[in-house]
Amino acid sequence: MLTPVLEAEGLTLGTRLRDVSFGLGAGRMVAVVGPNGAGKSTLLQVLAGLLHGHGRIRWQGRDLARIPFLERGRSLSWLGQESHAEFAFPVREVVAQGRHAWGDDGQGVEAALDALDIRHLEARPITELSGGERRRVFLARALATGAPLQLWDEPAANLDVRHALEVLRLARDLAGAGSTLLVSLHDLRTAFRFDEVMVLDQGRMVGFGPPEAILTPGLIGSVFRVKASPAQGLALELP
Ligand SMILES: Nc1ncnc2c1ncn2[C@@H]1O[C@H](COP(=O)(O)OP(=O)(O)OP(=O)(O)O)[C@@H](O)[C@H]1O
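Small disclaimer: the values here were computed from a predicted structure and weren't measured.

Trainee: I'm lost on the overall build of the protein in this one. Help?
Mentor: Scanning the protein for helices and strands turns up nine helices and ten strands. What you see for the protein is a C-alpha radius of gyration of 18 Å, in line with the 18 Å of a compact globule of 239 residues. Considering only C-alpha atoms, the protein reaches an extent of 50 × 45 × 30 Å along its principal axes. Taking all 239 residues of the protein together, 39% fall into the buried category. Counting contacts in the protein only where the partners sit at least 6 residues apart, residues at least 24 apart contribute 66% of the total.

Trainee: Looking at this structure, how should I read the site of the ligand?
Mentor: Looking at the ligand, the residues that line it are Arg 16, Gly 34, Asn 36, Gly 37, Ala 38, Gly 39, Lys 40, Ser 41, Thr 42 and Gln 81. When its residues are assigned to classes, the shell around the ligand shows one nonpolar, seven polar and two charged.

Trainee: Which parts of the structure should I look at to understand the nonpolar core?
Mentor: One broad rule of soluble globular proteins: the nonpolar side chains tend to lie buried together. The biggest cluster of nonpolar side chains holds 63 residues, and the ones touching the most others in it are Val 95 and Ala 140. Per-element tally for this core: the top contributor is helix α5 (residues 131-144), with seven residues. What Ala 140 contacts, discounting residues up to four positions off in sequence, is Val 95, Ala 112, Leu 113, Ala 115, Leu 116 and Ile 118.

Trainee: Can you walk me through α5 in this structure?
Mentor: One turn of the α-helix equals 3.6 residues, which is why residues spaced by three or four share an orientation. Look at α5: 20 Å from first C-alpha to last across 14 residues, which is about the 20 Å you get at 1.5 Å a residue. Those residues of α5 that fall on the buried side of the exposure criterion are Glu 133, Arg 134, Arg 135, Arg 136, Val 137, Phe 138, Leu 139, Ala 140, Arg 141, Ala 142, Leu 143 and Ala 144. In this fold, the buried residues of α5 make contact with β6 (76-79), α3 (91-96), α4 (109-115), β7 (149-153) and α6 (161-176). Downstream of α5 by a residue or two, Gly 146 has a phi angle that is positive, lying close to 65°.

Trainee: I would appreciate a short explanation of the sheet that holds β7 in the present structure.
Mentor: The strands that make up a sheet are held in pairs by hydrogen bonds between backbone atoms, and each pair lies either parallel or antiparallel. Pairing within the open sheet is mixed, and its six strands lie in the order β6-β7-β8-β3-β9-β10. This sheet does not close on itself; its edge strands, each paired only once, are β6 and β10 (204-209). Each adjacent strand pair in this sheet contributes to an overall mean axis angle of 15°, direction not counted. Examined bridge by bridge, β6 and β7 share four bridges and lie parallel to one another. The partner of Ser 77 across the bridge, within β7, is Gln 150.

Trainee: Looking at this structure, I do not really get the pairing of strand β1 (residues 6-13). What am I missing?
Mentor: A regular strand places its side chains on the two faces of the sheet in alternate fashion. Strand direction decides the pairing type here: β1 and strand β2 (residues 17-24), joined by five bridges, are antiparallel. Counterpart to Ala 8 in the pairing with β2 is Phe 22. Where β1 folds back onto β2 in an antiparallel hairpin, the turn is made up of three residues, including Gly 14, whose phi is positive at roughly 50°. In terms of strand pairing, β1 meets strand β4 (residues 54-59) through five bridges, oriented antiparallel. Of the residues in β4, the one forming a bridge with Thr 12 is His 54.

Trainee: Where do I start with the sheet that holds strand β5 (residues 62-63) in this structure?
Mentor: Sheet architecture is open: four strands sit in the order β2-β1-β4-β5, paired in antiparallel fashion. Strands at the two margins of the open sheet, each flanked by one partner only, are β2 and β5.

Trainee: What's the story with helix α1 (residues 40-47) in this structure? I'm lost.
Mentor: The buried count for α1 comes to seven of eight residues, which makes it a mostly enclosed element. Once α1 finishes, Gly 49 follows within two positions and takes phi at roughly 80°, a positive value.

The rules behind the values
- Residues numbered from 1 in each chain as written.
- Predicted model: local features only at pLDDT ≥ 70, side-chain atom pairs only at ≥ 80, totals over all residues.
- Helix = DSSP H or I, 4+ residues; strand = E, 2+ residues; numbered from the N terminus.
- Rg over C-alpha atoms; globule rule 2.2 N^0.38 Å.
- Buried ≥ 20, exposed ≤ 12 C-beta atoms within 10 Å, placed from the backbone.
- Contact = placed C-beta atoms within 7 Å.
- Near = placed C-beta within 6 Å.
- Nonpolar A, V, L, I, M, F, W, Y, C, P; charged D, E, K, R; others polar.
- Core = buried A, V, L, I, M, F, W, Y, C linked by C-beta atoms within 7 Å.
- Expected span 1.5 Å × (residues − 1).
- Pairing = 2+ DSSP bridges.
- Axes fitted to C-alpha atoms, helices over the stretch in contact; angles between N-to-C directions.

Structure representation (structure tokens):
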């Protein structure tokens, strides 16, 4: 097995996260699933250094908490669950904020505007966009960081079917270029398109591995309390 680039050991935060340990390889696309309140957002925020619990996090073998602030900003990017915007910055400026840790050099901003299909919105105040448009702006900001570790909390929330598929393709392209992605989501069928899936339930990790091995009808039944059948559902693809 490849040496993990991100290692978590015994992550604990009250009852929200209980003794969660795992290792993620470079270029892996990992889905985090679990019922409401399972701890998905909490885990991503702990990894991003926004919440502080117990346990250890190592990035490329180094204690993440000891990596200097700007270097951490270049290494990891966090996309929060909410797409609320407080201030009326133009879209382009919000995307460019992703370059803060690089001295606001503006690199990658053009590519991010195109990748998230928001170039036509670049001069608009972010406060005057729809929920899905705002989501794409924040995703573009995360992308512009160029960070090799992307932590995305429900990135496709509010996105139409086409843009949701594009985000999935973008994630795959990033992983193909060597980035590691940890992405929380609710759609279990989408989770099958990831390399690995991590299942959280009441703060505990109850499964981690290839989706086919983990998302069995038995596990889905016990964690989500729904009956799952292995039959294929509606399949949607980009043209
Ligand atoms: N600010 C907070 N203070 C205390 N407890 C919180 C806070 N935010 C969330 N929680 C609790 O932590 C637990 C995990 O919440 P979290 O947001 O991580 O779940 P989630 O899996 O992301 O859920 P969802 O699918 O609803 O987004 C829940 O029991 C929740 O009530």
